[in-house]
Every structure is written in C-alpha cells, then in structure tokens.
Amino acid sequence: MSVPDIEHVEIFAGQRIDELQRAAGVSDQELCAAIDISDETLRRWKAGEYVPNASKLARMATVLRCKVADFFVTRPVPRGR
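Thresholds applied
Residues numbered from 1 in each chain as written. Predicted model: local features only at pLDDT ≥ 70, side-chain atom pairs only at ≥ 80, totals over all residues. Heavy atoms only, no water. Helix = DSSP H or I, 4+ residues; strand = E, 2+ residues; numbered from the N terminus. Rg over C-alpha atoms; globule rule 2.2 N^0.38 Å. Buried < 20%, exposed > 50% of the residue type's maximum accessible area, 1.4 Å probe, protein only. Contact = heavy atoms within 4.5 Å. Areas by Shrake-Rupley, 256 points an atom, 1.4 Å probe, with all protein chains shown as cover. Core = buried A, V, L, I, M, F, W, Y, C linked by side-chain atoms within 4.5 Å. Arc of directions from axis to C-beta. pLDDT = per-residue confidence, 0-100.

Enquirer: What is the right way to read the overall build of the protein chain from this model?
Expert: Helices and strands together make up the secondary structure of the protein chain, namely four helices and two strands. Helices (α) and strands (β) of the protein chain occur, in sequence order from the N terminus, as β-α-α-α-α-β. Relative to the compact-globule value of 12 Å for 81 residues, the protein chain shows a C-alpha radius of gyration of 15 Å, a clear excess of over 25%. Counting every position in the protein chain, which comprises 81 residues, the buried fraction comes to 30%. Sequence separation of 24 or more characterises 69% of the internal contacts of the protein chain that already satisfy a separation of 6 or more. Accessible surface computed for the protein chain: about 5400 Å², of which carbon and sulfur atoms make up 52%.

Right under this line is the structure:
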C-alpha cells in the first residue's frame, strides 16, 4: 500500500478569532479583559504573528462559547515536512 504524498495538519488560524467574536457578540476589549491579555497581544494572535498557549486558548473558547478546535483549520502539507 502506498503512502499519500500529502498529509493534513491542524494549524492555529488567528483570523478565526474575529469570526468567533462576532458570533458570540464579544468585543476586543471584552475578550482582552476576560482572558487578561493586551490589545496588542490579541492583534498579534489575529495576524498570526503569535500563537496563544493552551491555557489562553481554553479561556478564550469559554468566553466565546466555542471549542478550542474552532480556532484551528486543516491544511494539506507535503509529507515529510
């Protein structure tokens, strides 16, 4: 049986934060206060410059009434990378 040349990985997608915030009706200021981060940190997460740690992701999911998995997307990547 041959192994496919492509595999799929889950990666953090910062742009999902905006989508989930809108769905939950939570502003940037409310989210920052609820999970104790600066507006600069939130901006960098959304831009994909930084990735939140597991604790912040869990707290953010609670505030936005979603699952941690909702912050991730599946992307195909060549096998062996």
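Past the structure itself, the notes keep going.
Enquirer: Mind showing me how you'd approach unusual backbone geometry here?
Expert: What is expected of a backbone is that most residues other than glycine have negative phi and most peptide bonds are trans. You will see that D36, though not glycine, has its phi angle at about 60°, which is positive. With respect to the secondary-structure elements, D36 resides in the loop between α2 (28-35) and α3 (39-47). One non-glycine residue with positive phi stands out, namely R65, at about 55°.

Enquirer: In this structure, what is going on with the nonpolar core? I would like to understand it.
Expert: Looking at soluble globular proteins, one finds that nonpolar side chains tend to be buried together. Counting 17 residues, the largest nonpolar core has I17, L31, L42, W45, M60, L64 and F71 as its most contacted members. Among all residues touching L64, those that are not within four sequence positions of it are I17, L20, Q21, A24, V26, L31 and F71.

Enquirer: Explanation requested: helix α1 (residues 15-24) in the structure shown.
Expert: Side chains three or four residues apart in an α-helix point the same way, a direct result of the helix having 3.6 residues per turn. The complete set of buried residues in α1 reads I17, L20, Q21 and A24. One side of α1 carries all its buried residues, which in axial view fall inside an arc of 105°. Those residues of α1 that are exposed and aimed more than 90 degrees away from the buried face are R22 and A23. The secondary structure elements touched by the buried residues of α1 are β1 (6-12), α2, α3 and α4 (54-63). Count one or two residues on from α1 and you reach G25, which has phi positive near 70°.

Enquirer: Can you help me understand the confidence of the model for the protein chain in this one?
Expert: Segments scoring low in pLDDT should not have their predicted coordinates read at a detailed level. Residues with a pLDDT of 70 or more make up 93% of the protein chain, whose mean pLDDT is 91. No element of the protein chain has a lower mean pLDDT than β1, which averages 83, and none a higher one than α2, which averages 98.

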